[in-house]
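Topology and contacts: notes
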Amino acid sequence: MNIISFLSLFVSFILTIGIASSHAGLSSSYYDRVCPEALPTIKRVVEDAVAQERRMGASLLRLHFHDCFVNGCDASILLDQTSTIDGEKNAAPNANSARGFEVIDKIKFEVDRVCHRPVVSCADILAVAARDSVVILGGPSWKVKLGRRDSTTASQAAVNTSIPSPFMDLPALIKNFKDQGLDEDDLVVLSGAHTLGFAQCRTFRSRIYNDTNIDPAFASHLRTICPQVGGNSTLAPLDPIPGSFDAKYFTNLVSKKGLLSSDQALFNGGETDELVSEYSRDLEEFLEDFAKSMIKMGDIKPLTGNRGQIRNNCRMVN
Ligand code: HEM
Ligand SMILES: *[C@@H]1O[C@H](CO)[C@@H](O)[C@H](O)[C@H]1NC(C)=O
Ligand SMILES: *[C@@H]1O[C@H](CO)[C@@H](O)[C@H](O)[C@H]1NC(C)=O
Ligand SMILES: *[C@@H]1O[C@H](CO)[C@@H](O)[C@H](O)[C@H]1NC(C)=O
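My aim in this report is to walk through the structure given alongside it, one point at a time. Just so it is clear, the model here is predicted, and its values are computed rather than measured. (Residues numbered from 1 in each chain as written. Chains lettered and ligands numbered in written order. Predicted model: local features only at pLDDT ≥ 70, side-chain atom pairs only at ≥ 80, totals over all residues. Heavy atoms only, no water.)

1. Some details on the packing of aromatic side chains
What counts is decided by this rule: Whether two aromatic rings pair depends on their centres lying within 6.5 Å, for rings of Phe, Tyr and Trp, where Trp uses its six-membered ring; planes under 30 degrees apart make the pair stacked, over 60 edge-to-face, and the rest tilted. For helices the rule is a DSSP run of H or I covering at least 4 residues; for strands it is a run of E covering at least 2, with both sets numbered from the N terminus onward. Only protein chains enter the area calculation, which uses a 1.4 Å probe; residues under 20% of their type maximum are buried, those over 50% are exposed, and those in between are partly exposed. Charge over a ring is defined by NZ of Lys or CZ of Arg lying within 6 Å of the ring centre and within 35 degrees of the ring normal.
Summed over the entire model, instances satisfying the criterion amount to 11 aromatic pairs. Pairing W142 with F290 gives two aromatic rings, centres 6.2 Å apart and planes at 70°, and the pair type is edge-to-face. With W142 in the loop between α5 (122–136) and α6 (156–162) and F290 in helix α14 (residues 283–298), the pair connects residues that are 148 residues apart, well separated along the chain. Taken individually, W142 and F290 each receive the classification buried, so the pair is uniform in this respect. Connected via pairs of aromatic rings, a cluster forms that spans W142, F245, Y249, F250, Y279, F286 and F290. Above the face of the F101 ring, K89 is positioned so that its terminal group lies 4.4 Å from the ring centre.

Here it is in structure tokens:
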């Protein structure tokens, strides 16, 4: 063995140790040596997608949330239905609702190309795309922890039981987040993601026809676009400026203009009222806390070490 091949063996040994020693947890520098171009590439594709359709930023943020809340941040939401995979996309909270899968495919393709091999997991792509989306739309930035691996299974039943429903009241929402290791403050600040994006009539119909904790003019306006029968998929913005990451979501809750019953539940005379009004007055505090809670959400039950795999195609198990 000559000195060159000895050195390269030595270097790859050190690299392996480096990766192995980070198995215990996630690290924001995970891809720095393996593929330094990975993160800039994800950012570029997200920027293109959001430039084409601003709502895509919201949709990508939501995909990461719906991934993390169902057996951890393991890209299980991306797996297509097969005879052996219980496609999470078809579960009630995702069907005809979760979107952005083609953008994730595009990112995966570009990242594997610049890295010359599939080293970046689909679960990490979801986490980075969510952060990049928030930044592009004017929200805070944070260092995304990396090194998650991808699941080889998916569960529709777990989606049904883990994704919170827009009809939940405050105690149910608190319990739902607590089951994920997230507290009431995380619930309030992460719900602030609804400063972005849209919801379909079927998700807010009962609120605008039956809830009493709603601004009457707001409700009657929404009834003109969301009839009692039909129009299930008609969209309304979750916040007055759905393409901009601001604190208006919270201002709206204080004036009883939350779109979903679960939004208004956060400001309805309960213990979370105080934090909602604080965020409605203090944008900086909202941005800072949102970033912290996103890191916490991204830490939910990742697959590391030799658990799971790095998928070649985010839609299927290798
Ligand atoms: C607190 C409990 C939550 C409930 C009950 C809830 C429910 C919903 C519902 C019903 C929609 C509309 C879906 C549709 O009509 O197709 C929606 C949209 C959205 N949610 Fe949530 N959500 C919650 C928390 C979160 C969290 C924690 C995040 C992210 C951190 C998030 C991000 C979003 C985004 C960005 C959209 C807009 C998506 C788009 O326009 O494509 N939500 N949510
Ligand atoms: C999940 O919910 C949908 C719609 O309510 C239902 O059709 C499906 O059977 C449920 N799946 C499981 C596995 O519980
Ligand atoms: C409103 O409540 C009434 C009485 O509980 C119920 O019959 C009706 O279906 C509800 N409407 C909507 C849109 O949820
Ligand atoms: C519209 O949504 C409601 C409530 O989710 C559902 O019961 C109804 O079957 C839907 N109608 C259509 C045409 O999909």
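2. As for the pattern of salt bridges
Definition in use: For this analysis, a salt bridge means a side-chain nitrogen from Lys or Arg found within 4 Å of a carboxyl oxygen belonging to Asp or Glu.
Under the counting rule described, the total for this entry stands at 15 salt bridges. For R44, the salt bridge identified is with E110, shortest N-O distance 3.7 Å. In this pair, R44 sits in helix α2 (residues 38–52) while E110 sits in helix α4 (residues 101–115), placing the two residues 66 residues apart along the sequence. Look at R44 and you get partly exposed, because its relative accessible area is 37%.

3. Some words on the site of ligand 2
Applicable threshold: What makes a residue near a molecule or strand is one non-hydrogen atom of that residue sitting within 4 Å of it. Polar contacts here mean pairs of N or O atoms no more than 3.5 Å apart (in protein, one a potential hydrogen donor and the other a potential acceptor; neighbouring residues in sequence count only if both atoms are side-chain atoms). Per-residue and other accessible areas were derived by the Shrake-Rupley procedure at a 1.4 Å probe size, with only the shown protein chains allowed to occlude residues. All residues other than Ala, Val, Leu, Ile, Met, Phe, Trp, Tyr, Cys, Pro, Asp, Glu, Lys and Arg, Gly among them, are scored as polar; the first ten of these are nonpolar and the last four charged.
Surveying the vicinity of ligand 2 reveals the residues A92, Q156, A157 and N160. A distance of 2.3 Å is found between an oxygen atom of ligand 2 and a side-chain nitrogen or oxygen belonging to N160. Expressed as a share of its isolated accessible area of 360 Å², the protein-covered part of ligand 2 is 39%. Considering only residue class, the shell around ligand 2 consists of 2 nonpolar, 2 polar and no charged.

4. Section: the coordination of the iron atom of ligand 1
Ideal geometry at a metal centre: 109.5 degrees between donors when four sit tetrahedrally, and 90 or 180 degrees when six sit octahedrally. So the rule is basically this: Here a donor is an N, O or S atom found within 2.8 Å of the metal, or within 3.2 Å if the metal is Na, K or Ca; sites may look incomplete because water is not among the atoms.
The protein gives the iron atom of ligand 1 a lone donor atom, H194 (NE2), placed 2.1 Å from the metal. By the secondary structure assignment, H194 is in the loop between α8 (184–191) and β1 (198–200).

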